[in-house]
Amino acid sequence: MDAKTLAPGIRPGRLEAAQIEAGFTDLHPPLDGHEAQVAADRCYFCHDAPCMTACPTSIDIPLFIRQIATGTPEAAARTILSQNILGGMCARVCPTETLCEEVCVREVAEGKPVEIGRLQRFATDTVMSRNAHPFDRAAPTGKTVAVVGAGPAGLSCAHRLAMKGHDVVLFDARPKAGGLNEYGIAAYKSTDDFAAREAAWLMQIGGITLRTGHALGRDMTLEDLTASHDAVFLGVGLGAVNALGTEGEDRDGVLDAVDFISDLRQSTNLGTLPVGRDVVVIGGGMTAVDAAVQSRLLGAMNVTIVYRRSQARMAASVFEQELAAAKGVRIICNASPVAVHGNGAVREVEFAFTTDDLTPTGDTFRLPADQVFRAIGQTLVAEGLPDLAGRKIAVTGAGRTSVPGVWAGGDCASGGDDLTVTAVAEGRDAAEDIHASLMEQANG
Ligand SMILES: Cc1cc2nc3c(=O)[nH]c(=O)nc-3n(C[C@H](O)[C@H](O)[C@H](O)COP(=O)(O)OP(=O)(O)OC[C@H]3O[C@@H](n4cnc5c(N)ncnc54)[C@H](O)[C@@H]3O)c2cc1C
Ligand code: SF4
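Structure report, in brief. (Residues numbered from 1 in each chain as written. Chains lettered and ligands numbered in written order. Predicted model: local features only at pLDDT ≥ 70, side-chain atom pairs only at ≥ 80, totals over all residues. Heavy atoms only, no water.)

Across the sheet, which stays open at both edges, the five strands sit in the order β7-β15-β9-β10-β11 with parallel pairing between neighbours. Every other strand in the sheet has two partners, leaving β7 (254-256) and β11 (330-332) as the edge strands with one partner each. On average, each strand axis in the sheet is inclined to that of its neighbour by 25 degrees, with strand direction left out of account. Bridge analysis of β7 against strand β15 (residues 371-374) gives three bridges, and the strand direction is parallel. Within the sheet, the bridge partner assigned to Leu-255 lies in β15 and is Phe-373. Across the sheet, helix α15 (residues 257-266) touches β7 and β15, and the angle it forms with β7 is around 70 degrees. Each of β9 (278-282), β10 (302-306) and β15 touches helix α16 (residues 286-297); the most contacted strand, β10, lies at about 175 degrees to it. (Pairing = 2+ DSSP bridges. Helix = DSSP H or I, 4+ residues; strand = E, 2+ residues; numbered from the N terminus. Axes fitted to C-alpha atoms, helices over the stretch in contact; angles between N-to-C directions. Contact = heavy atoms within 4.5 Å.)

This is the structure we're talking about:
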């Protein structure tokens, strides 16, 4: 270990450029043609395939794998994309180990599933590399729909509506489309600017006008949108971050994990991104793992995830936990933060051991830290939105909200896991319902 890695504080360039580049390469590298054939040949093409039932977008997995096996990856891509227009991103980021691959009969029998995610990537990459768009737009309907939020839910909804012939205005508060695909997903899952390339490819369908830098609540209200469009879809995600509620939380060096990750995703030179020597990440989900692993890959010497319940209850999957461990991240469970100590900047975080029902055991410990990431969940910015159910927008059926003509889906809406693939499914299903409703109005 050299002086740069050992130096205390939050500083850039802890590793050589080549080391950083090697760390941030594709987590699941693409299959070549021969590997894809071999992987596809392992599929039993099950009748009533459990993998298909486990997929939130209900992709016909045995069919697309058979299409790869028979040498027609373009047809396989069409099978995937007709259900999930962000099939390329989902192939990279889906926790397949807890979805399709977990229930694959090969996994159940042999402990080694068909590599559904990598096969999906093979098919979708084949089509995208030709820069061809596989779907045509229906004749214009003369209807306009406002879609707010250009994350997976909004992109999926906008694409399906445009395909049906509606004119879509896609608003997003941020400078780029993609939502957390662009600003959140770990860099080693979405390499080579894939999120931006996929969003641009998707919009080749036509009929979608993208307006970035337009925020609902700042530049327009829901009433403005319902007055000027035939329908509105809200896919605004979860824009705020939960606080720790701990003494000293405002000390320098205590940051939201999502902001760190967003900076990392937008950086064109990771060597210039500052990171601590001793990093403590508080939380137990994917965001915690991503912040911890990427801190290590930038050269942080000691990275510890601290989670308040037992390891079995972490929201991060076992695969993600093992990834963290493999990258040298330590995971401490059953401990909650009680104070952030330091003089101006953080120096130590004090934790209390807790039982699984969060009762303090009376034992405490301190971890040295020059950087602390809060990763204890995101929350909805709820002003000016339809009625809520708990902390999210209440929806019924295919995303209908309490306001007539307004639908919602993805992380901001009630029901469903906070996953890319679920957001895509909800955006698509809301678009189908909006289409049915607009056509009913037009014909009735
Ligand atoms: C760090 C991190 C890592 C993750 N990793 C994974 C993973 O590996 N696999 C996985 O399946 N899921 C992962 N997730 C979850 C996944 O990213 C989300 O479930 C998914 O992005 C939700 O899509 P969405 O479209 O609902 O919201 P978002 O992706 O959050 O998109 C919402 C969009 O709305 C815009 N917006 C917000 N407010 C306004 C407003 N007022 N006006 C206009 N626009 C607005 C935002 O700018 C954003 O572009 C991760 C999440 C995080 C935070
Ligand atoms: S469960 Fe596994 S073997 Fe069966 S169709 Fe799905 S991928 Fe193929």
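Back to the write-up after that little detour.
Within the fold, Thr-422 resides in helix α18 (residues 420-443). A relative accessible area of 10% means that Thr-422 is categorised as buried. When residues no more than four places from it in sequence are discounted, the contact partners of Thr-422 are Pro-56, Gly-416 and Asp-417. (Buried < 20%, exposed > 50% of the residue type's maximum accessible area, 1.4 Å probe, protein only.)

Now for the sheet that holds strand β2 (residues 144-148). Spatial strand order, β4-β3-β2-β5-β19: five strands in an open sheet with parallel pairing. Strands at the two margins of the open sheet, each flanked by one partner only, are β4 (208-212) and β19 (406-408). Averaged over all adjacent pairs, the angle separating strand axes in this sheet is 20 degrees, with direction ignored. As judged from the five bridges shared by strand β3 (residues 167-172) and β4, these two strands associate in the parallel manner. If you follow Asp-172 over to β4, its bridge partner there is Thr-212.

A separate point is the nonpolar core. Membership of the largest hydrophobic core comes to 66 residues, with the highest contact counts inside it found for Phe-64 and Leu-119. A per-element tally of this core places α18 first, with seven residues. Not counting the four nearest positions on each side in its chain, Phe-64 is found in contact with Ile-59, Ala-76, Thr-79, Ile-80, Ile-116, Leu-119 and Gln-120. Counting residues in each nonpolar core, the second largest holds 33 residues, with Phe-260, Leu-264, Leu-273 and Ala-300 among its members. (Core = buried A, V, L, I, M, F, W, Y, C linked by side-chain atoms within 4.5 Å.)

This brings us to the packing of aromatic side chains. Summed over the entire model, instances satisfying the criterion amount to three aromatic pairs. Taking 5.3 Å as the distance between ring centres and 15 degrees as the angle between the ring planes, the aromatic pair formed by Phe-351 and Phe-365 counts as stacked. Pair noted here: Phe-351 is in strand β13 (residues 345-354) and Phe-365 is in strand β14 (residues 360-368), with a separation of 14 residues, a long-range link. With respect to burial, Phe-351 and Phe-365 carry one shared label: buried. Taken together, a centroid distance of 4.8 Å and an interplanar angle of 35 degrees make the contact between Phe-353 and Phe-365 tilted. Of this pair, Phe-353 sits in strand β13 while Phe-365 sits in strand β14, and the two are twelve residues apart along the sequence. Taking the relative accessible area as the measure of exposure, Phe-353 reaches 30% and is therefore partly exposed. On the basis of relative accessible area, Phe-365 is assigned to the buried category, the value being 17%. An aromatic cluster is built from Phe-351, Phe-353 and Phe-365, whose rings are joined through pairwise contacts. (Phe/Tyr/Trp six-rings, centres within 6.5 Å; stacked < 30°, edge-to-face > 60°.)

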